[in-house]
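Examination of the molecular architecture
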Amino acid sequence: MDYLKLREEPLKSAVREDYFGSYKYTQIGNIDFVIAKRESEKGQRFLEGVESYEVKSILWAEAKQGTSHDIYESFVQLILTIGKEKTFEKCLPPKYIGAFDAEKFAFIEYHKIQEVFYQNDFNWNVTPSNHESKEFKQLHELCKNLLDENSILFKYKSQGEELKEFIKLNFKTDKDIFEKISVTKNNFTFVFQKWSDAVKPTIEVEWEKAKKAGIISADFFLADLLSSENESLKDSLYVVLKKTKYELAKKIDELGFETFKSVGFNDKQKAHKEFWAIYERPPKEEYWDYIIERRDLLVPQDIRERKGSFFTPRIWVEKSQAYLADVLGETWQDDYYIWDCCSGTGNLLNGLTNYRKVWASTLDKQDVDVMKDRIHNGWPMFENHVFQFDFLNDSFDKCPEELRAILNDENERKKLVIYINPPYAEATTARTVTGTGANKSGVATENKTYEKFKEVIGKASNEIFAQFLIRASAEIQCCKLGQFAKLKALCASNFAQFREAFKAKFEKAFIVPAKTFDNVKGEFPIGFFVWDTGYEKSMSDNNSFDVDVFDSDGKFLSVKKIYSENTKTLSINRWMKKLDTATENIIGYMENPTPDFQNNKFLCIINNEGTRHNNYSAINADTILVNAIYFSVRHCILPTWLNDRDQFLFPNDGWQSDREFQADCLAFALFHGQNRISCAQGVNNWIPFTEEQVGSKKAFKSNFMSSFIADFLAGKVCLSSGGLFDGGVTSLRSVLRKESIYLRSNERGQCGGLGAEPLGEGVAEDAASGCSEGETSPAKFSPQAQAVYDAGLELWKYYHEQKNANPDAAFYDIRKYFQGEKNGRMNNASDDERYTELIDDLRAKQKALAKKIEANVYKYGFLK
């Protein structure tokens, strides 16, 4: 059949009829073309009512009309569609993926490209059909060689019969056979989720109580999966299946008898039988070790955070061992002992060469069993060097004798390396920060190390990894430390007391994107740090640390200097507190969160003081410029994984005489999306224009901001003569007459709230009043700031053309008017084309202004 004139939908129908007529055609998400097997009558009857059954796809394909499309680009679009929707997590992957048009059909086996979906640092949230996006081009480059080497292509006209034969041989449809679904290393996590829905509720276990006792469903699933005829094939696992029950927690009692606990089913094993009638078990033996080693993928997130069940990617394992060799010498594995005291299933120790000098301990008996099973299957670790140990609670007397002798000998401790990727759970949560929740109960606080060191390391004691570090340095003095962690110990303000207490010399470190680690979300760095605890001075003696930076592929990018707050280096929040002097005539508040990029999402300008556990600086005519500067220097640079933990610092005094910089920051703050002043929350004193400029049909309740801008540009707003660094007065002072422009309020916090009295227009009568000679000078918007101001004016004018425009609307109100809201949140876009043009233009101008401000951020020391 000639397909050349067919549009896409008729083309799909024609190809389906001509080549896939004996198969089931179905729909999965936004995939164009899905072919699945038709079940036999026997299979249909068996599967009736079994909710966990999944359609067995054999082909997912991308379709394009005509013949002009690059077939590889079609593959990439399909891969982006699958990755964006995470289809492989919701549905069993097919045997093949494909791409076709009116001339040809190409196939590639799914397993050839599946690793593409496990790129943790790839942005899948893009439009798959946009072939010009950075992500599309990046994926095209990544997949090109794979497609070159592994894809199979058929042309309908010259190879139509061969295509039919290929489909017949590879897409088998024997209607008398009901095939079970194979479990592989690619889908075992998906099958576990299905098992959790279907089988787990029928096991006679109180799961919440069991979890507190260290028993999790993943071990029951592994007992099921690695079994034949309902008998586990690996008795070394923590839980084993014995026909109609599970046995667990085996041990030998004092009389030499083997004891264990057992548990059965509450439905006479009905759901269990139905589930495993669909899925094939055991998997191919070549997958066993991988599935056991990756038990961490089946562990609930809260337990992973608390116990450290996170798999360290091989690339960073190898890199960390290379860094240890750089610091300790090429023969370090022969010269030093190694102890991973939170080893999980032991993957951090892979690649070591001298296991006679290596120990591995972990909190969970299940993980100990997994490591011993790995030893039985060829891992060259010594079984008596693997033991259960709670590092934050247990005495070192519980360690194996040989390791205990090392811990008790100061000279031997100097040759001990504590090599760990510790848990990162903390007592606080995002809800704690936002003031809507309490600390996580028991996380990080219910152990002996916390009780012993909480007064010593302060707020850092809420973090489990900090507890590992402080116990190791204090109680295993002179050891070497090689540890993975976030950057908090180096630079977080909450770790200032920790840095005073942690006696260790910083040796070397590297940082990488956090998303290269399994199931770690967010754009921030994770580092590997080498320390020497045989050191008298604390790490706080250093106010900066040089670390190497690598991208997700292990390519060296640069050396980054990380600054920390101490007595020599103060944060921007210390600076802001010195200038937060407004107590009356308040026109709004600025929320000042922890001074790093990751917390900038909380930095905003609002009408009334908020409830989050952050500082709120009051804004009036005296302090508006410093608030605008603080706001702008923190928002003008976009966050990335690399700068996420960078600290904003107490600046030098150069900004005080830079009138253009002050004007730039004022313009930036007025038109930024985090300026959330709204007339719905009280009188809006933040309209930067007059009624005449915007064409308002009614008078504004307040002309404060347009008057302030005019007076500032005219040189009628000056800095006080008191020094900012010598203990003098630390406020900006407006020379506008207070009786004409200020609120008649004497209490901090009233202005800007509901029912507040508006500010008047007010013009200064004496520009020099209250200012010493040289303090006053006209200011001028830079070209970039003027462009932002002008673009904002056009937006305001268009809004006031609307019939129901509110004359007192703020920037936030105007955006909300055009974009609307859903479930209490403003929508991201508007259907109004003119508004979209105007807001896009404003944002483009704002971006250019941000770039200009950025240079001064470094010039004046807000960042280093």
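Residues numbered from 1 in each chain as written. Predicted model: local features only at pLDDT ≥ 70, side-chain atom pairs only at ≥ 80, totals over all residues. Heavy atoms only, no water.

1. Some points on the overall build of the protein
Our working rule: The secondary structure listing takes helices from DSSP runs of H or I that are at least 4 residues long and strands from runs of E that are at least 2 residues long, numbered from the N terminus. Summary of the burial criterion: residues with accessible area below 20% of their type's maximum are buried, those above 50% are exposed, and those between are partly exposed, where the area comes from a 1.4 Å probe applied to protein chains only. Whether two residues touch is decided by their heavy atoms; if any such pair falls within 4.5 Å, the residues are in contact. Residue exposure ignores everything except the shown protein chains as possible cover, and the areas themselves are Shrake-Rupley values with a 1.4 Å probe.
Within the protein, the regular secondary structure consists of 32 helices and 27 strands. Among the 864 residues that make up the protein, the fraction classed as buried is 57%. Residue pairs at least 24 apart in sequence account for 69% of intrachain contacts in the protein once pairs closer than 6 positions are excluded. Accessible area of the protein: about 38,600 Å², with a carbon and sulfur share of 46%.

2. Quick word on the side chain of S361
Selection rule: The definition of a polar contact used here is a pair of N or O atoms within 3.5 Å, where within protein one atom must be able to donate a hydrogen and the other to accept one, and adjacent residues in sequence count solely through side-chain atom pairs.
Considering the arrangement of structural elements, one finds S361 in strand β13 (residues 358-362). A polar contact is formed between the side chain of S361 and the side chain of W339, at a distance of 3.0 Å. Not counting residues up to four positions away in its chain, the partners in contact with S361 are W339, D340, C341, C342, S343, F387 and F389.

3. Regarding the pattern of salt bridges
Using the following cut-off: Salt bridges are identified by distance alone: a Lys or Arg side-chain nitrogen within 4 Å of an Asp or Glu carboxyl oxygen.
Within the structure shown, the criterion is met by 33 salt bridges. A salt bridge links K234 to D373, with the shortest nitrogen-to-oxygen separation between them at 3.2 Å. Of this pair, K234 sits in the loop between β8 (231-232) and β9 (239-242) while D373 is found in helix α16 (residues 365-376), placing the two residues 139 residues apart along the sequence. Notably, a salt bridge pairs E591 with R612, separated by 2.7 Å at the nearest N-O pair. Note that E591 is positioned in strand β21 (residues 588-592) and R612 in the loop between β22 (605-606) and β23 (615-619), a separation of 21 residues in sequence. A relative accessible area of 1% places E591 in the buried class. R612 sits in the partly exposed class, given a relative accessible area of 23%.

4. Topic: the nonpolar core
The following threshold applies: Among buried residues, the Ala, Val, Leu, Ile, Met, Phe, Trp, Tyr and Cys ones that are joined through side-chain atoms within 4.5 Å form a nonpolar core.
Membership of the largest hydrophobic core comes to 72 residues, with the highest contact counts inside it found for W575, I624, W655, F661, L666, W686 and F862. Contributions of two or more residues to this core are made by α24 (572-579), α25 (624-635), α26 (659-670), α28 (704-713), α30 (783-799), α31 (811-819) and α32 (833-859). In terms of residues, this core owes the most to one element, α30, which gives nine residues. Setting aside anything within four residues of it in sequence, one finds I624 in contact with I587, I619, L666, W686, F704, M705 and F708. Core analysis: the second largest hydrophobic core is formed by 52 residues, A492, A504, F506 and W531 among them.

5. Considering the sheet that holds β13
Under the convention used in this document: Pairing between strands is defined by DSSP: at least two bridges between them are needed. Where helices are involved, their axes are fitted lines through C-alpha atoms of the stretch in contact, as for all axes, and angles between N-to-C directions lie from 0 to 180°.
Taken together, the nine strands give an open sheet; going across it, the order is β14-β13-β12-β15-β16-β18-β17-β19-β20, and neighbouring strands pair in mixed fashion. Each edge of the open sheet is held by one strand with a lone partner, namely β14 (386-388) and β20 (556-563). Averaged over neighbouring strand pairs, the angle between their axes works out to 20 degrees when direction is ignored. Looking at chain direction, strand β12 (residues 337-340) and strand β15 (residues 416-420) are connected through three bridges and run parallel. Following the sheet pairing, Y337 is matched in β15 by L416.

6. Describing α31
Every buried residue of α31 is listed here: F811, D813, I814, R815, F818 and Q819. Residues of α31 that are buried sit in contact with α26, α30, β26 (821-822), β27 (825-826) and α32. G820 sits one or two residues past α31 and shows a positive phi near 70 degrees.

7. Notes on the packing of aromatic side chains
Worth spelling out the cut-off: Classification of ring pairs rests on two measures: the distance between centres of Phe, Tyr or Trp rings, Trp counted by its six-membered ring, which must be within 6.5 Å, and the angle between planes, read as stacked under 30 degrees, edge-to-face over 60 and tilted in between. The criterion for a charge sitting over a ring is simple: Lys NZ or Arg CZ within 6 Å of the ring centre, and within 35 degrees of the ring normal.
One pass over the structure, following the stated rule, counts 80 aromatic pairs. Ring geometry for F20 against F171: centres 6.3 Å apart, planes inclined by 25 degrees, an arrangement best described as stacked. Separated by 151 residues along the polypeptide, F20 in the loop between α1 (8-19) and β1 (24-26) and F171 in the loop between α7 (156-170) and α8 (188-198) bring together distant segments of the chain. An aromatic cluster is built from F20, Y23, Y25, F33, Y96, F100, F105, F107, F154, F166 and F171, whose rings are joined through pairwise contacts. Positioned over the ring face of F524 is K486, at 5.4 Å from the centre of the ring. Looking at R815, its charged tip hangs above the ring of F811, at a distance of 5.5 Å from the centre.

8. Thoughts on the environment of I526
Locating I526 in the fold gives a position in strand β18 (residues 525-532). A relative accessible area of 11% means that I526 is categorised as buried. Each C-alpha atom, one on I526 and one on V512, is 5.6 Å from the other, the two residues being 14 residues apart in sequence. Excluding residues within four positions of it along the chain, I526 makes contact with F484, A485, F510, I511, V512, A514 and F517.

9. A short note on α28
For an α-helix, 3.6 residues make a turn, and residues three or four places apart therefore share a direction. Among the 10 residues that make up α28, eight are buried, leaving the element largely enclosed by the rest of the structure. Every buried residue belonging to α28 is among F704, M705, S706, S707, F708, I709, D711 and F712, and all of these are buried. In the segment just after α28, G715 is the residue with positive phi, at about 85 degrees.

10. Here's the deal with the packing of α26 against α32
Angle between the axes and distance between the axes: these two values describe a pair of packed helices. Heads up, the condition is: Any angle between 65 and 115 degrees counts as roughly perpendicular, while under 35 counts as roughly parallel, over 145 as roughly antiparallel, and the rest as oblique. Handedness of each helix crossing follows the sense of rotation of the near helix against the far helix: counterclockwise by less than a right angle gives left-handed, clockwise gives right-handed.
Where α26 meets α32, the axes come as close as 10 Å, and the angle between the chain directions of the two elements is 140 degrees. In terms of orientation, α26 lies oblique with respect to α32. Crossing angle aside, the handedness with which α26 passes α32 is left-handed. In this structure, α26 contributes E660, F661, D664, C665, A667 and F668 to the contact, and α32 contributes Q846, L849, A850, K852, I853 and N856.

11. Here we look at unusual backbone geometry
Here the residue pair R281 and P282 is connected by a cis peptide bond, since its omega of -5 degrees sits within 30 degrees of zero. Structurally, P282 can be placed in the loop between α11 (270-276) and α12 (288-293). Positive phi values are uncommon outside glycine, yet N230 reaches one of about 60 degrees. Tracing the chain through its elements places N230 in the loop between β7 (227-228) and β8. A relative accessible area of 16% means that N230 is categorised as buried. Despite not being glycine, C478 has its phi angle at roughly 85 degrees, a positive value.

12. Focus: the pairing of strand β16 (residues 480-485)
For β16, a buried count of six out of six residues is recorded, marking the element as mostly surrounded by other parts of the structure. Of the two faces of β16, the one carrying K480, G482 and F484 and the one carrying L481, Q483 and A485 are both buried. Where β16 lies against β18, six bridges are found, and the strand directions are antiparallel. In the sheet register, G482 faces β18, and the bridge partner there is V530.

13. Focus on the sheet that holds strand β5 (residues 104-109)
The strand order across the open sheet built from six strands is β1-β2-β3-β4-β5-β6, with neighbouring strands paired in mixed fashion. Where the open sheet ends on each side, the last strands, each with one partner, are β1 and β6 (152-155). The average undirected angle you get between the axes of adjacent strands in this sheet is 25 degrees. With five bridges joining them, strand β4 (residues 96-100) and β5 adopt antiparallel strand pairing. Its bridge partner being in β5, G98 is matched across the sheet by F107.

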